[in-house]
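# Fold and geometry: a report
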Amino acid sequence: MDNLPDIVGKRDAAVTTRRILKVNHAGEFGAIRIYGAQIAMARLLFPDIVPALHDMREDEIRHCRLFHEAMPARSARPCRVMAFWSLGGFVLGFLTALGGRNMVWICTEAVESTVHRHLEDQLAFLEGRDQELHALIASIQDEELAHLREAEEKQTARGISHALLLPVIGALTDLMIWLSTWGDSSWMRAEMARSGKA
Ligand SMILES: [Fe+2]
Ligand SMILES: [Fe+2]
């Protein structure tokens, strides 16, 4: 278990690195569950989008494995509340799929853009501290960005549901990440602002 509490500004970089791996691994697991629920629903309701969702899910499965493989060398362990991520992902995927194709892509856009912002913070933190993990996250970030772009392109309309849902799903994703990193996600953002990178 990570040592708590850390003193702001004097945190152990190894602890933060372990939290980054833990939340990224759990987040990928959640993403697998979102896409899994959406694929199951799409098969029944709108099978035309199944291949695109399937390809994205394959990427998330690979990302999840890569983060898991990076854990032992850094003494990191998977999140203890994986069931929480699993259920959260499934419910989000299920509900958005009920809302139709467009809502599926709004969900992808919201989650991927929030993840992208956190990966940016992580990259700034890891620069010069853990180049190997930095390179891994940078390569995964490219693929998450491709998911984001594809989700934006596939939306046929950007009405009220987009305006309402995007901030809600984004805030839920932020909250999950914040809880899983014991608040380190805010700390990294503040550190970046102080160093003029944000
Ligand atoms: Fe991913
Ligand atoms: Fe993704």
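Residues numbered from 1 in each chain as written. Chains lettered and ligands numbered in written order. Predicted model: local features only at pLDDT ≥ 70, side-chain atom pairs only at ≥ 80, totals over all residues.

## A look at the environment of Phe 67
- Examined against the element boundaries, Phe 67 turns out to sit in helix H2 (residues 50-69).
- Judged by the 25 C-beta atoms lying within 10 Å of it, Phe 67 falls in the buried class.
- Along the chain, Phe 67 and Pro 78 lie eleven residues apart, while their C-alpha atoms are 9.5 Å from each other. (Helix = DSSP H or I, 4+ residues; strand = E, 2+ residues; numbered from the N terminus. Buried ≥ 20, exposed ≤ 12 C-beta atoms within 10 Å, placed from the backbone.)

## Section: unusual backbone geometry
- Even without being a glycine, Ser 75 presents a positive backbone phi close to 55°.
- Note on placement: Ser 75 falls in the loop between H2 and helix H3 (82-98).

## Here's the deal with the UniProt feature "transmembrane region" (unreviewed entry) in the chain
- Those residues carrying the UniProt feature "transmembrane region" (unreviewed entry) are residues 81-99 and 159-179 in this numbering.
- As annotated, residues 159-179 comprises 95% helix and 0% strand, and the C-alpha atoms at either end are separated by 31 Å. (UniProt positions renumbered as here; feature names shortened; annotations may be inferred.)

## Examining H2
- With 20 residues, H2 should reach 28 Å at 1.5 Å per residue; the first-to-last C-alpha distance of 29 Å fits that figure.
- Taken residue by residue, H2 has Leu 53, Met 56, Glu 60, His 63, Cys 64 and Phe 67 as its buried positions. Down the axis, H2 shows its buried residues gathered within 100° of arc, on one side only. Residues of H2 that are exposed and point over 90 degrees away from its buried face: Pro 51, Glu 58, Arg 65 and Glu 69.
- Buried residues along H2 sit against helix H1 (13-45) and helix H5 (131-154). (Expected span 1.5 Å × (residues − 1). Arc of directions from axis to C-beta. Contact = placed C-beta atoms within 7 Å.)

## Comments concerning the confidence of the model for the chain
- Averaged over every residue, the pLDDT of the chain is 88; the share at 70 or more is 90%.
- No element of the chain has a lower mean pLDDT than helix H7 (residues 184-194), at 72, and none a higher one than H2, at 98.
- Under a pLDDT of 50 for its full length, residues 3-8 has, in the predicted model, six contacts with residues more than four places off or in other chains. (pLDDT = per-residue confidence, 0-100.)

## Things to note about H3
- With 17 residues, H3 ought to run about 24 Å at 1.5 Å a step, and its terminal C-alpha atoms sit 24 Å apart, in line with that.
- Along H3, the positions that sit buried rather than exposed are Trp 85, Gly 89, Leu 92, Gly 93, Thr 96 and Ala 97. An end-on view of H3 places all buried positions within 120° of arc, on one side of the element. With respect to the buried face of H3, the exposed residues turned more than 90 degrees away are Ala 83 and Leu 98.
- Residues of H3 that are buried in the fold lie against H1, helix H4 (101-126) and helix H6 (160-180).

## What about the packing of H1 against H3?
- Running from amino to carboxyl end, H1 crosses H3 at an angle of 30°, the nearest separation of the two axes being 7 Å. By the angle between their axes, H1 is roughly parallel relative to H3. Of the two possible hands of crossing, H1 and H3 adopt the one that is right-handed.
- Partitioning the contact of H1 with H3 into residue classes produces 16 nonpolar, eight polar and one charged. (Axes fitted to C-alpha atoms, helices over the stretch in contact; angles between N-to-C directions. Parallel < 35°, antiparallel > 145°, perpendicular 65-115°, else oblique. Left-handed = near helix turned anticlockwise from the far one by under 90°. Nonpolar A, V, L, I, M, F, W, Y, C, P; charged D, E, K, R; others polar.)

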